[in-house]
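Chains, contacts and geometry: an overview
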Amino acid sequence: MDNFVFDIKTKVYFGKDTLKELWSEILNKTDRVLFCYGGGSIKNNGIYDQIILGLKENNIFYKELTNISPNPDIESVDEGVKICREHNLTGILAVGGGSVIDTAKVISAGVNKEYSDPWEIMKKGERNYALLPVFTVTTLSATGSEMNAVSVMTNKKLKLKQSTITAHPVCSIIDPTFTNSVPKIHLIAGVVDIISHTLEDYFSLERDSYLLDGFSISIIKTCIKYGKVLLTDPTNYEAKANLAWASTYAINGVIAHGKPHAWTFHVISHPITHYYGLTHGLTFSILMPHWMEYVLNEQRVEPFYRLGVEVFGIDKNLPKMEVAKQTIEEFKNFFKLIGAPLKFSEVGVDDRHFNEIVENLNITANERRFVPFDKQDVLNILRSAL
């Protein structure tokens, strides 16, 4: 394993009725916040009313930024920055899923930064240490954004979707009951998204990371076990709780530190979601199996073999390549079982933008990838998934 520094800066309150812990955490830092949320679902399920009541009872001044889209646009960041500056807001409260939390993080970096174009905040490798404190309340188990410093934003004008490093949330509330009103399609997409984050780190050139790979395997087994439970019992608390914590741990650094990695599925997925409007999580049930089939060879068979034996219970005495191929089929079977697509044609995606996507793809850090790829490889993978 590589050397690393492990320092997670986010305090998490996990479980039922933990929202009450939020207000003292906010007041330790500020009493003036920007309250960010999405399309209004939190108003239908009662979470909005709980948030407003808490803000008022604790004399926390607030302004709202709403209508943050599932593929959040940098324009929302610009709007949020302007509201913060106009009203001297010194903290950000994000209530929702990853899109809302990511937007809040980038706003936190932009308020004290001069820019002519808000996209400047997203420049790769740029850090801004004059960050406003961010507090989150999660309503969807998927991105894990509540416990990391990564943000992903879209620029519609430039046709780009890009990630950057901004702020770790100071405090996050993870109450699994807050996900009870999430539509089934988003539950499915969330489960697939958690698996995608886990496999991005699992498929690494570093093969002496037995413990970390074991953590990854446990997360995937959790997704499969409780993803099946949600099919028939979508408000099951045990399932919701385990998936919520799996979502957080899939991308808070625990399974990534000590391993060289450069995410592959996400590099390919980001422009797909932008060009076609496909739900982020559902691109991965399509892309991951096709990527696996494309990169599997005798030199890369071992991690596939371990997944097959430990996740799916495939006979360890079978030839490793046979186990690996069965493993890919088992992932396909699971995605099909929970109602996730396996082909682009199932969700109305054709190849009209493939060449443009590949041409504009920024392929970096190839030396850290499980299998390096070039633009032709990406095009081949996309076409195989039609």
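Quick look at the structure, then.

Turning next to the sheet that holds strand β8 (residues 171-174). With parallel pairing, 6 strands are arranged side by side in an open sheet as β1-β8-β5-β4-β2-β3. The sheet is open, and its two borders are formed by β1 (11-14) and β3 (61-65), each paired with just one other strand. Shown here is a sheet whose adjacent strand axes are inclined to one another by a mean of 15 degrees, direction ignored. Examined bridge by bridge, strand β2 (residues 32-36) and strand β4 (residues 91-96) share 4 bridges and lie parallel to one another. Note on β4: the bridge partner recorded for C36 is A94.

Quick look at the state of the cysteines now. Scanning all chains against the criterion turns up 0 disulfides. For the unlinked cysteine C171, the closest cysteine sulfur is that of C36, found at 16 Å. Residue class for C171 comes out buried when judged on its relative accessible area of 0%.

Under the criterion given, the structure shown has 17 aromatic pairs. Relative to W291, the ring of F265 lies with its centre 5.0 Å away and its plane at 80 degrees, an arrangement referred to as edge-to-face. Here W291 lies in helix α10 (residues 280-295) and F265 lies in helix α9 (residues 265-276), a separation of 26 residues in the sequence. In this structure W291 comes out as buried when scored by relative accessible area, which is 4%. Judged by centre distance (6.1 Å) and plane angle (50 degrees), the ring pair of W291 and F370 falls under tilted. Here the residue W291 occupies a position in helix α10, and F370 occupies one in the loop between α13 (354-359) and α14 (375-384), the gap between them amounting to 79 residues. Clustering of aromatic rings is evident, with ring pairs tying together Y202, F203, F265, W291, F304 and F370.

Glancing now at the pairing of strand β5 (residues 134-138). With 5 of its 5 residues buried, β5 lies for the most part within the structure. Going residue by residue along β5, you find V134, T136 and T138 tucked away on one face and F135 and V137 tucked away on the opposite face as well. By the bridge criterion, 5 bridges tie β4 to β5 in an arrangement that is parallel. Paired with A94 across the bridge in β5 is T136. Sheet analysis places β5 next to β8, joined by 3 bridges and oriented parallel. Within the sheet, the bridge partner assigned to V137 lies in β8 and is I173.

Before going further, it helps to examine the side chain of K240. Here K240 is to be found in helix α8 (residues 237-249). Those residues in contact with K240, other than ones at most four positions away along the chain, are S141, P176, T179, N180, L187, L230, P234 and T235.

What follows concerns the packing of helix α6 (residues 184-202) against helix α12 (residues 320-338). Contact geometry of α6 with α12 gives a least axis separation of 10 Å together with a crossing angle of 160 degrees. Classified by the angle between their axes, α6 and α12 sit roughly antiparallel to one another. The way α6 lies across α12 gives a crossing that is right-handed. Each of I188, V191, V192, I195 and L199 in α6 lies in contact with α12, whose residues at this interface are F331, F334, F335 and I338. Here the residues of the contact of α6 with α12 sort into 9 nonpolar, no polar and no charged.

On to a nonpolar patch on the surface, then. On the surface, M1, F4 and F6 cluster together to form a nonpolar patch covering roughly 300 Å² of accessible area. Note that F4 resides in the segment before β1. A relative accessible area of 43% places F4 in the partly exposed class.

This next bit is on the pairing of β4. The buried fraction of β4 amounts to 6 of the 6 residues, a majority that puts the element mostly inside the structure. Both faces of β4 are covered, namely the face carrying G91, L93 and V95 and the face carrying I92, A94 and G96.

Residue pairs three or four apart in sequence face the same way in an α-helix, which turns once every 3.6 residues. Considered for burial, the residues of α14 that qualify are D377, V378, L379, I381 and L382. Contacts from the buried residues of α14 go to α9, α10 and α13. Two to three positions downstream of the cap, the backbone nitrogen of Q376 sits 3.1 Å from a side-chain oxygen, assigning the N-cap of α14 to D374.

Moving on, we come to the environment of Y275. Its place among the elements puts Y275 in helix α9. When its relative accessible area of 15% is taken as the criterion, Y275 is described as buried. Distance from Y275 to K156, taken between C-alpha atoms, is 9.3 Å for residues 119 residues apart in sequence. If sequence neighbours within four positions are ignored, Y275 has contacts with K159, H353, E356, I357 and N360.

Rules used throughout
What you see as residue numbers is a count from 1 along each chain, following the sequence as written. Per-residue local features of the predicted model are confined to residues with pLDDT of at least 70, and side-chain atom pairs are confined, for both listing and counting, to 80 or more; whole-chain, interface and lining totals are unaffected and use all residues. Heavy atoms throughout the structure, all of them, feed into the side-chain values; hydrogens and water do not. The rule for pairing is simple: two strands pair if DSSP sees at least two bridges between them. Put simply, DSSP marks the helices as runs of H or I at least four residues long and the strands as runs of E at least two long, and each gets a number from the N terminus on. Only the stretch in contact is used when a helix axis is fitted, and all axes are lines through C-alpha atoms; the angle between N-to-C directions ranges over 0 to 180 degrees. The disulfide criterion is simple: two cysteine sulfur atoms within 2.5 Å. Only protein chains enter the area calculation, which uses a 1.4 Å probe; residues under 20% of their type maximum are buried, those over 50% are exposed, and those in between are partly exposed. Each aromatic pair joins two rings of Phe, Tyr and Trp (for Trp, the six-membered one) with centres within 6.5 Å, and gets the label stacked for planes under 30 degrees apart, edge-to-face for over 60, and tilted for any other angle. In what follows, residue pairs with any heavy atoms lying within 4.5 Å of each other are defined as contacts. Should an angle fall under 35 degrees it is called roughly parallel, over 145 degrees roughly antiparallel, and 65 to 115 degrees roughly perpendicular, with every other angle called oblique. Crossing chirality is assigned from the near helix's rotation relative to the far helix, an anticlockwise turn below a right angle marking it left-handed and a clockwise turn marking it right-handed. Classes in brief: Ala, Val, Leu, Ile, Met, Phe, Trp, Tyr, Cys and Pro nonpolar; Asp, Glu, Lys and Arg charged; the others, Gly included, polar. Any residue with relative accessible area above 30% and no salt bridge may belong to a patch, with like charges joined within 9 Å and the nonpolar Val, Leu, Ile, Met, Phe, Trp and Tyr side chains within 5 Å. Each accessible area is a Shrake-Rupley estimate made with a 1.4 Å probe; only the visible protein chains count as cover when residues are assessed. The rule for a salt bridge is simple: a side-chain nitrogen of Lys or Arg has to be within 4 Å of a carboxyl oxygen of Asp or Glu. The term polar contact refers here to a pair of N or O atoms within 3.5 Å; inside protein, the definition further demands a hydrogen-donor-capable atom paired with an acceptor-capable atom, and it admits residues adjacent in sequence only when both atoms are side-chain atoms.

Spatial relationships are all this shows, so hold off on functional conclusions.
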